[in-house]
Amino acid sequence: MKKLKASFPHLGSYHAPLEVFFTAGFGVDYIVPPPITKRTLEIGSRYSPDYVCAPFKYHLGNFIETIEAGANTLVQSSGVCRLGYYGELHEQILQDLGYKVHFVNLAKYKAPKPINFYNGFKEIKPDMSLTKIAQIFPVVLKMFEHIDEVEDFIRQNVGFESTIGSFDKVHADFLSDLRMIRKKKELNNTYRNYMKRFKEISVKKPNNPLRVGIIGEYYTIMEPFSNHYIEKELAQMGIIVDRWLNVSNTLLHYPKKEMKKHIEDYVKYPMGATSIPTIDRALDYAKKGYDGIIHVKSFGCTPEIDTIPVLQNISNDYKIPILYFSFDTQTSETGFTTRLEAFYDMIVMRKEAKK
Ligand code: SF4
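Residues numbered from 1 in each chain as written. Predicted model: local features only at pLDDT ≥ 70, side-chain atom pairs only at ≥ 80, totals over all residues. Heavy atoms only, no water.

Novice: Explain the overall build of the protein residue by residue, including any values.
Specialist: Along the backbone of the protein there are 15 helices and 8 strands. The C-alpha atoms of the protein give a radius of gyration of 21 Å, which matches the 20 Å a tight globule of 355 residues would have. Counting only C-alpha atoms and orienting by the principal axes, one finds that the protein spans roughly 70 × 45 × 40 Å. Per-residue burial over the protein gives 51% buried out of 355 residues. When contacts within the protein are restricted to residue pairs at least 6 apart in sequence, those whose partners lie at least 24 apart make up 73%. With the model as given, the accessible surface of the protein reaches about 17,200 Å², and the carbon-plus-sulfur share is 55%. Charge centroids of the protein, computed over 47 positive and 41 negative side chains, lie 5 Å from each other. (Helix = DSSP H or I, 4+ residues; strand = E, 2+ residues; numbered from the N terminus. Rg over C-alpha atoms; globule rule 2.2 N^0.38 Å. Buried < 20%, exposed > 50% of the residue type's maximum accessible area, 1.4 Å probe, protein only. Contact = heavy atoms within 4.5 Å. Areas by Shrake-Rupley, 256 points an atom, 1.4 Å probe, with all protein chains shown as cover. Lys, Arg positive; Asp, Glu negative; His and termini not counted. Charge placed at Lys NZ, Arg CZ, Asp CG, Glu CD.)

Put into structure tokens, the structure is as follows:
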């Protein structure tokens, strides 16, 4: 029988916990998807419907590159928007292209009930051991949280590092070490040691640095290639970047009720996908006096398009500038940089004027 080599589409730094989950929980090989590049997007776009949102194209390109890297079992998640239909289409396109892979579409097991998790896991590996999965699951969940905590810290500080690249280097070591971890104690020690290392990195932060909050669509906000590495660009301008949206905040500790209450003066009904956190965070950044907000989304993302008039109301009420980026396969690097630089100049001038 062929050895199972599973994979899941790339998203930010989360390949480490996914690898641990598949290898220790299912006992299968995990093919870490190649990092997203221009080629990923080119392949994905070539075989995708033209008007589908960009995450579909990235996932498809990523699936093909992962098959080229040896994967024979592909897993696609469900989602609360069109993402929930993507698995079916991806599977069909890959079949039509002649790829012979086992495709597990978790959208079939959407309702978060234990029986659905069980059935979904069984489809990945029919003779899986529930005991092994139950043992590794809490470690994996904690790993997601630690990655998010570490990256929050980096966003607050990387723009002020004395030696360029210091945070990136420790971050890469951290992710690489996580891949070896199988026990919670090991994980806690590793996290503690790395937080110490991050805190020891020399930073020169001014007294009142610029602060920008990033809000927007799930994939585009979390996959740096798809947003032209916007967080890095902002950090290089000496800006503290705040981004609430990540896996632990949205999937593990989502304060949906509180958020809905918080934004009730602006919206009565949820508009799907990440619309609630987008509006909630914008309002929070506005109330806290951030210097600006950047809204990122994929071209054609309906839930995030619907949030824009609400964001404009928040911008008017709190006099906070919001820059809107809609990314697609054709987004020009020059256009992106020019708009970001103009936004930077504007928030610097506003800050100066307030002194
Ligand atoms: S949230 Fe928007 S961009 Fe993301 S998959 Fe859904 S519709 Fe597409």
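Okay, back to it.
Novice: Please give an account of the sheet that holds strand E7 (residues 292-298) that cites residues and values.
Specialist: Sheet architecture is open: 4 strands sit in the order E6-E5-E7-E8, paired in parallel fashion. Each end of this open sheet is capped by a strand with a single partner; those strands are strand E6 (239-242) and strand E8 (322-327). Here the average twist between neighbouring strands, direction ignored, is 25 degrees. On top of the sheet, helix H13 (residues 275-287) reaches strand E5 (210-216), E6 and E7; it is set at about 165 degrees to E5, its chief contact. Against the sheet, helix H14 (residues 302-318) makes contact with E5, E7 and E8, and its axis sits at roughly 170 degrees relative to E7, the strand it touches most. (Pairing = 2+ DSSP bridges. Axes fitted to C-alpha atoms, helices over the stretch in contact; angles between N-to-C directions.)

Novice: Describe the packing of H13 against H14, with residues and values.
Specialist: For the pair H13 and H14, interaxial distance at closest approach is 9 Å and the crossing angle is 15 degrees. Relative to H14, H13 is oriented roughly parallel. The interaxial crossing formed by H13 with H14 has right-handed handedness. Contacts between H13 and H14 involve Ser275, Thr278, Ile279, Ala282, Leu283, Ala286 and Lys287 from the former and Pro303, Glu304, Thr307, Val310, Leu311, Ile314 and Tyr318 from the latter. Across the contact of H13 with H14, the residue classes tally to 9 nonpolar, 3 polar and 2 charged. (Parallel < 35°, antiparallel > 145°, perpendicular 65-115°, else oblique. Left-handed = near helix turned anticlockwise from the far one by under 90°. Nonpolar A, V, L, I, M, F, W, Y, C, P; charged D, E, K, R; others polar.)

Novice: So, the side chain of Glu231: which residues are in play, and what are the values?
Specialist: Here Glu231 lies in helix H10 (residues 230-236). Looking at Glu231, the relative accessible area reads 17%, which means it is buried. Within the local environment of Glu231, its side chain forms a polar contact with the side chain of Arg243, the two groups lying 2.9 Å apart. If we skip the residues at most four places from it in the chain, Glu231 touches Arg155, Ile214, Ile221, Val241 and Arg243. (Polar contact = N/O pair within 3.5 Å; in protein donor to acceptor, adjacent residues only side chain to side chain.)

Novice: Let's hear about the domain arrangement of the protein: which residues, and what values?
Specialist: You can read the domains of the protein as domain 1 (5-128), domain 2 (138-205) and domain 3 (207-355). Just the C-alpha atoms count here: the centres of domain 1 and domain 2 sit 27 Å apart. Between domain 1 and domain 2, the contact holds 11 residues from the first and 12 residues from the second. Together domain 1 and domain 2 conceal approximately 1,000 Å² of surface at their shared face, both sides included; 72% is due to carbon and sulfur atoms. The closest approach of N and O atoms between Arg179 and Glu19, which form a salt bridge, is 2.5 Å. In terms of residue class, the side of domain 1 that touches domain 2 is made up of 8 nonpolar, 2 polar and 1 charged. (Domains from an automatic or database assignment. Buried area = accessible area lost by both parts, 1.4 Å probe. Salt bridge = Lys/Arg side-chain N within 4 Å of Asp/Glu carboxyl O.)

Novice: Run through a nonpolar patch on the surface, naming residues and quoting values.
Specialist: Together, Ile115, Tyr118 and Leu130 make up a nonpolar patch on the protein surface, roughly 270 Å² of accessible area in all. A relative accessible area of 49% means that Ile115 is categorised as partly exposed. (Patch = residues over 30% accessible without salt bridge, like charges linked within 9 Å, V, L, I, M, F, W, Y side chains within 5 Å.)

Novice: Explain the site of the ligand residue by residue, including any values.
Specialist: Surveying the vicinity of the ligand reveals the residues Cys53, Pro55, Cys81, Arg82, Tyr86, Glu217, Ala273, Ser298 and Cys301. Across the shell around the ligand, the residue classes break down as 6 nonpolar, 1 polar and 2 charged. Composition of the shell around the ligand by domain shows at least three residues from each of domain 1 (5-128) and domain 3 (207-355). (Near = heavy atom within 4 Å.)

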